[in-house]
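# An overview of the molecular structure
If you want the building blocks of each chain, they are given just below.
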Amino acid sequence: KIDLQTHSTMAKPVRNSGSGSSHVRKRRGSNGPPPPKGNGGGSDANKKFKGHHEDDAKDMESSEIVSQLLQELTPTADNSVNKSQQIRFMQRAVDQGWIRTVVGPEIEKQNDASNKSDQLDRLCRVWALLLSWEGQSGRLNSSTLSYLASSKSASTESLDVATVVLPKLFLFIGSSSGDDNQGASTHEWLATVCHCLTLLGSVDRQSPAKIWNLAVQEESGTSQDAGSALMKYVSPHVGELWKRQNPILFPGANAENNENENANATGQNSTTSPFLVLVLNQVLECLEDHTETDEEAEDVTTTQNDSESKQKTIFVHRALEWLVDLLSLSVDGTLRTFVLWYLKAIFFSLRAHRAMQRGDNQGNAAARHLTQQLLYRIQEWQNFPLQYNNKKNSQQLDSGENMRNNQVIIPRSQQETMHLYYRRASTLQKMCHRYHAHTLDDIIFAGLGRLCAGGKFVENSLASLSDSELLTLLHKLRLLDENEASSETLKALYHDRSFLLQILNDYLQQPKDALEELQYVPLFCTEKLLWDATKIPPNHSSLLLPSKVLSLPKLSSTHYLSFTDYLWRNFSLLQLETASAIRSDLVNVIRRLRPVMSMSNDNDDEDIDMDGDANNMKTTFAGWARMALELQPQQKGGGLTIVKVEKPLLGKTFPNKVLAECTIDLGPCGAAIRREWDALSEHDNIFFAAIHASPDNTTGQSEPPPTVQEYREQLGYDAVPAGTEGKGTNKDRLVPDDDDPSFPQRYGVQLVRGGTIVQIRDEEGTVLTDPIPSDN
């Protein structure tokens, strides 16, 4: 008997080797190719392996290297750009470590000079390109991180070069607007800067808030905080509600004064908007793009549209990854609070999810799935239960700035979260009673728990209101401003009834608690998780999406929102790491079994259709595996039988326990294999796989996996030009079965389920796992 749902250990210990990667499965981290084998690994052998560029780099002066970097990576408008040549040059610069030895010191030198030239701006772009390429290629080593976390002047000031580079990059992107971006589109530069911000945030020696605060300032060199910059881009009508609910962040706020003050500062008069505002608007624009391709367009136009679509997809992934880090790793409570408010003000999550449901302009299936996963994680961090208190009594603080600086993050209990949403539902009932007392009786007299439970109750109760009346009701609740919209797209959504109802449901519906969600997580991985490339990355980085982004929780040394957040991230990574090891074992076993479709001879008395009727075909196995057995049909005394399904406990929706009985035959096995099966005991974990071979597979040889080149083209990489295939282009190399998402389709894997052994009996019914025999 096997307990299919238990709270025991998930699976066997994970077998990992090597170190260096922070992904699910640990891979060998390298800072370049290994040195060649030679007599003692002398310098001659190393020079021979690294190539002739090393001697050139030694002879070149720093000024010559800077000139070459500017010429290759930031060409002028008169010079053409060769992408492949740029990639080769960036790879050479990363190998030589020029970002630490040449570019960084040159930026510090020119920034300290009294006369700052245009060369400083171009050097900042070179710095961002090299850092992004080093992180994208998986070569961001400890020396680069140490350089980023150090300063030329004082040990207390970290990331000094980044504080010089980032404001200039923000100004460059905001002012260019895609007109002349030195051979690259706006989305390419946005993706590069977002990737740099993500990499800089991973430096655990200092708070990433110092760097990320630069992304919410309107102009470089200003001392604006997150609130002063972002509140200019929020409607005063909506922002007034936040000021009333958070007097600590807005001390001395007066309704009339702030209305007049914000009415004059709507953010439209500033020369450049904050980088965060620009990124979020561009992400929504890419997701909500309804541009349709013309079928009669020329090939050149089609190729250009495909290239732009790939660049937009990479930018969306990089931007969402940075936004996830901003919400999950930020230790600055003020910064995180205002970013959350701005996301709610522009309805970022609602608009992005609506765009993804359409799914007609979001790249290939793998890219769309990754975007959905990242948006889901952003929604999780938005609903994370946190509240902000002061270290000191607010009366002891002399100014509002001191109040903000003394703000700390503390977790909010489930009861406090429930009271928060109940107050929102009570406010809705008061508004309905004040303005629609005779038409909205269902909402006025409904229980608060029913209003906050979600579902169709609120939507059905508001059916008597027209679209304009519903919009006015949301305006009264200060969820939106019906007289002001930040974009034409948002103005059109204000007239969409379904969108207005989604805003109200998102405002009222109480999110599930983290511990409550944990109870619904399957303890054993299924086929959906095992072959999800966005959660369990492949062993080879060349098989990742072009953006190199993964939807995985990140571990940090100090940056956690709460202790629950710390435990949840570790549990998720442990679950994915275990699933990766289980997938490797299942792939190895199923590949050895060699499932094949053959004629069925179960009914000997009946005639068999030799033409191969589908009713007379069944899956058999032409191979064998040491720790895998085929379950015989129940007519022959085998198979898997569900014995008992206990009712759910009070308040739960899943069965309390599921017991099944499985009969296996060890007769065909040898003595050594039989001893291994007999060694199974109580609390061991086993897995069941339902396999139905393809009807075309009659020889036991499944379809081969795609080549690496074909798989990369499916992910969105540029195709190798015809006639250039050769050595090093992955033309004939196949994708390993462990990393192939199409493995279930090729071998016919339908379902994968796990269970824990609770009892073992022999052929005579004697219980072998119970030390004290009983009559039951």
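Here the structure is a predicted model, which means the values were calculated and not measured.

Before going further, it helps to spend a moment on the pattern of salt bridges. In the structure shown here, the tally under the stated rule is 14 salt bridges. A salt bridge links Asp 121 to Lys 168, with the nearest nitrogen and oxygen atoms 3.7 Å apart. Remark: Lys 168 occurs in helix H8 (residues 160-176) and Asp 121 occurs in helix H6 (residues 118-136); sequence separation between them is 47 residues. Arg 497 is paired through a salt bridge with Asp 467; the nearest N and O atoms lie 2.9 Å apart.

Before going further, it helps to examine the confidence of the model for the protein chain. Confidence along the protein chain averages 75 in pLDDT terms, with 69% of residues attaining 70 or more. The model gives residues 1-59 a pLDDT under 50, and that stretch makes 103 contacts with residues more than four places away or in other chains.

Below, the discussion takes up the packing of aromatic side chains. Counting across every chain of the model gives twelve aromatic pairs. Judged by centre distance (5.3 Å) and plane angle (85 degrees), the ring pair of Phe 338 and Trp 341 falls under edge-to-face. Here Phe 338 and its partner Trp 341 are both found in helix H16 (residues 333-345), three residues apart, which amounts to about one turn of the helix. Relative accessible area serves as the criterion here: at 9%, Trp 341 is assigned to the buried category.

Bringing the side chain of Asp 565 into the picture now. Within the secondary structure, Asp 565 is located in helix H29 (residues 563-593). Every residue in contact with Asp 565, bar those within four places of it in the chain, is listed here: Ser 328, Trp 381, Phe 384 and Tyr 560.

Our next topic: the environment of Ser 273. Mapping Ser 273 onto the fold places it in the loop between helix H13 (255-264) and helix H14 (275-287). Here Ser 273 falls in the partly exposed class, since its relative accessible area comes to 33%. Sequence separation between Ser 273 and Ala 229 is 44 residues, and the spatial gap between their C-alpha atoms is 8.8 Å. In this structure, Ser 273 is in contact with Tyr 233 and Leu 278, ignoring residues within four places of it in sequence.

The next subject is the packing of helix H3 (residues 62-73) against helix H5 (residues 98-112). Packing of H3 against H5 leaves a shortest axis separation of 10 Å and a crossing angle of 90 degrees. One way to sum up the angle between H3 and H5 is to call them roughly perpendicular. In this structure, H3 uses Ser 62, Ile 65, Val 66 and Leu 69 to contact H5, whose residues at the interface are Trp 98, Val 102, Val 103 and Glu 106.

Counting 103 residues, the largest nonpolar core has Trp 127, Phe 275 and Phe 348 as its most contacted members. Those residues in contact with Phe 275 that lie beyond four places of it in its chain are Phe 170, Ile 173, Leu 190, Val 193, Cys 194, Leu 197, Ala 215 and Trp 322. In this structure, Leu 440, Leu 465, Leu 490 and Tyr 507 belong to the second largest nonpolar core, which totals 34 residues.

To continue, consider the side chain of Asp 737. You can see Asp 737 is positioned in the loop between helix H31 (708-715) and helix H32 (743-747). Among the residues examined, Asp 737 registers a relative accessible area of 11% and is labelled buried. Within polar-contact distance, the side chain of Asp 737 engages the side chain of Arg 746 at 2.6 Å. Ignoring any residue separated from it by four or fewer positions in sequence, one finds Asp 737 in contact with Val 587, Arg 591, Pro 705, Phe 743, Arg 746 and Tyr 747.

Definitions and limits used
- Residues numbered from 1 in each chain as written.
- Predicted model: local features only at pLDDT ≥ 70, side-chain atom pairs only at ≥ 80, totals over all residues.
- Heavy atoms only, no water.
- Salt bridge = Lys/Arg side-chain N within 4 Å of Asp/Glu carboxyl O.
- Helix = DSSP H or I, 4+ residues; strand = E, 2+ residues; numbered from the N terminus.
- pLDDT = per-residue confidence, 0-100.
- Contact = heavy atoms within 4.5 Å.
- Phe/Tyr/Trp six-rings, centres within 6.5 Å; stacked < 30°, edge-to-face > 60°.
- Buried < 20%, exposed > 50% of the residue type's maximum accessible area, 1.4 Å probe, protein only.
- Axes fitted to C-alpha atoms, helices over the stretch in contact; angles between N-to-C directions.
- Parallel < 35°, antiparallel > 145°, perpendicular 65-115°, else oblique.
- Core = buried A, V, L, I, M, F, W, Y, C linked by side-chain atoms within 4.5 Å.
- Polar contact = N/O pair within 3.5 Å; in protein donor to acceptor, adjacent residues only side chain to side chain.

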